[in-house]
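Summary of structural features
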Amino acid sequence: MPRFRSILDTMPGYVPGKAVVGPDGRSFKLSSNESPDGPLPSVVQAIAEGATQINRYPDPAAVRLTEAIAAKLEVPAEHVALGAGSVTVAQELFATIAEPGAEVIYAWRSFEAYPLLADLAGVTSVRVPLDGEDHDLDAMAEAITDRTRMIFVCNPNNPTGTSIRRDKLVAFLDRVPQDVLVVLDEAYREYVRDEEVVDGLTLYRDRPNVCVLRTFSKAYGLAGLRVGYLIAHEPVAAAVRKVIVPFAINHLAQVAAVASLAAEDELLERVDLVVKERSRVRETLIAQGWEVPPTEANFVWLRLGDRTLDFAAACAAEGIAVRPFAGEGARVSIGAPAENDAFLAAAAAFRAR
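Residues numbered from 1 in each chain as written. Predicted model: local features only at pLDDT ≥ 70, side-chain atom pairs only at ≥ 80, totals over all residues. Heavy atoms only, no water.

As recorded in UniProt, the sites labelled "modified residue: N6-(pyridoxal phosphate)lysine" (unreviewed entry) are Lys218. Position of Lys218 among the secondary structure elements: in the loop between β7 (210-215) and β8 (228-231). You can call Lys218 buried: its relative accessible area is 15%. When neighbours within four sequence positions are excluded, Lys218 is seen to be in contact with Ser32, Asn33, Ser35, Ala187, Tyr188 and Tyr191. (UniProt positions renumbered as here; feature names shortened; annotations may be inferred. Helix = DSSP H or I, 4+ residues; strand = E, 2+ residues; numbered from the N terminus. Buried < 20%, exposed > 50% of the residue type's maximum accessible area, 1.4 Å probe, protein only. Contact = heavy atoms within 4.5 Å.)

Right, dumping it as structure tokens:
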């Protein structure tokens, strides 16, 4: 029997959102925070044209995509590093700081990949409990030791949807030592409408220990192609590029991401529709009697405690997949209006039990 790392005996695998089928055959997947819309027509055309070249390896440096991101965000191209989705960029970051005894701090509950990536990298996780549904930044700052190498701040937070406003985040960053890397995970940035929720790019520019993670999987509707990126000062970005797997960003992903950036005005119109649906869903849930925290992402969070799995099962019985976290709550993605209506009806029926 081959001998594997002992950590594999204790760490659970990542649990993705699942699809379910109701008794009438309908299946609404509101468990993975995917865009309810497919790629824009111009992006589909670019993918079709790009498919004629998939007998060739992709550009390993993804030059066109890197330059397009840099131009859009008004950052140097040297500050951009890519990965197959932002979770892979996060894994690359762990690879750059992983040494015996190193610690990473993050809020909990937050993005469930953080502990898995830490375990795989051999880094010690320091989980700081949320303050209600929000990051407890004071407690996170107090958790910093001389072993701390990296801190993840998921903003908006997955799965609660809550966000950190500028003053609180700046005050926190001022308390972090310059040799500790702070990763602002902004996978849902395009859905933010609260003007007080700071854009991480405005903070990284004069803070060499701050970097920003973003993705094309959510608002851009490219979850199936896997493209994410990091914006950081050159020493950080260069370190990430050293550990990236060669040819990690496939050719079609590069083509689709470039085309998506070119069609951004049209794409953001669709994001506005999701934001409007988000408001409608949250307001309807509150009217039903649920407690739903403000959200700046493309999902809502219901704190359900020991009712969580029963709630998820009731939704599944109606062909609606939500993302339950046993004993805590359920995260529900914002889908198309008909999908949202079906979920709201299921929530109302469960509430009436």
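Attention shifts here to the packing of helix α2 (residues 63-73) against helix α9 (residues 251-262). A pair of packed helices can be characterised by two numbers: the angle between their axes and the separation between those axes. Packing of α2 against α9 leaves a shortest axis separation of 9 Å and a crossing angle of 25 degrees. As judged from the angle between their axes, α2 and α9 are roughly parallel. For the pair α2 and α9, the sense of crossing is left-handed. Only Gln254, Ala257, Val258 and Leu261 of α9 make contact with α2, whose side of the interface consists of Arg64, Leu65, Ala68, Ile69 and Lys72. Partitioned by chemical class, the residues of the contact of α2 with α9 number six nonpolar, one polar and two charged. (Axes fitted to C-alpha atoms, helices over the stretch in contact; angles between N-to-C directions. Parallel < 35°, antiparallel > 145°, perpendicular 65-115°, else oblique. Left-handed = near helix turned anticlockwise from the far one by under 90°. Nonpolar A, V, L, I, M, F, W, Y, C, P; charged D, E, K, R; others polar.)

One face of the sheet, then the other: side chains in a regular strand alternate in exactly this way. Across the five residues that make up strand β9 (residues 299-303), a large majority, four, are buried. Relative to strand β12 (residues 329-333), β9 runs antiparallel, the two being bridged by five bridges. Residue pairing in the sheet places Arg303 in a bridge with Gly329 of β12. (Pairing = 2+ DSSP bridges.)

On to helix α4 (residues 113-121), then. Those residues of α4 not exposed but buried are Ala113, Tyr114, Pro115, Leu116, Leu117 and Ala118. Contacts made by the buried residues of α4 are with α3 (86-97), β3 (103-108), β4 (124-129), β5 (148-154) and β6 (181-185). In the stretch just after α4, Gly122 is the one whose phi turns positive, near 75 degrees.

The next subject is the sheet that holds strand β2 (residues 80-83). Taken together, seven strands build an open sheet; the order of strands is β2-β8-β7-β6-β5-β3-β4 and the sheet is mixed. In the strand order of this sheet, the two ends are held by β2 and β4, each with one partner. Within this sheet the neighbouring strands show an average axis-to-axis angle of 25 degrees, counted without direction. Taken together, the six bridges between β3 and β4 define a ladder with parallel strand orientation. Looking across to β4, one finds that Glu103 is bridged to Thr124. Packing against the sheet, helix α8 (residues 234-243) makes contact with β2, β6 and β8, and its axis sits at approximately 30 degrees to β2.

Between helix α10 (residues 264-288) and helix α12 (residues 337-351), whose axes approach to 10 Å, the crossing angle comes to 15 degrees. Relative to α12, the element α10 is oriented roughly parallel. In this structure, the crossing between α10 and α12 has a hand that is right-handed. Touching Glu277, Arg280, Val281, Thr284, Leu285 and Gln288 of α10 are Pro337, Asn340, Asp341, Phe343, Leu344, Ala347, Ala348 and Arg351, all from α12.

So, about the pattern of salt bridges. Side-chain pairing between opposite charges can occur once the charged atoms of the two side chains come close. Overall, the coordinates contain 19 salt bridges when judged by the stated rule. Here Asp194 and Arg165 are joined by a salt bridge, their closest N and O atoms 2.7 Å apart. Taken together, the residues span a long stretch of sequence, with Asp194 in the loop between β6 and α7 (201-204) and Arg165 in the loop between β5 and α6 (166-175) at a distance of 29 residues. Since its relative accessible area comes to 45%, Arg165 is described here as partly exposed. Of the charged contacts in the structure, one is a salt bridge between Glu277 and Arg280, with a shortest N-O distance of 2.8 Å. (Salt bridge = Lys/Arg side-chain N within 4 Å of Asp/Glu carboxyl O.)

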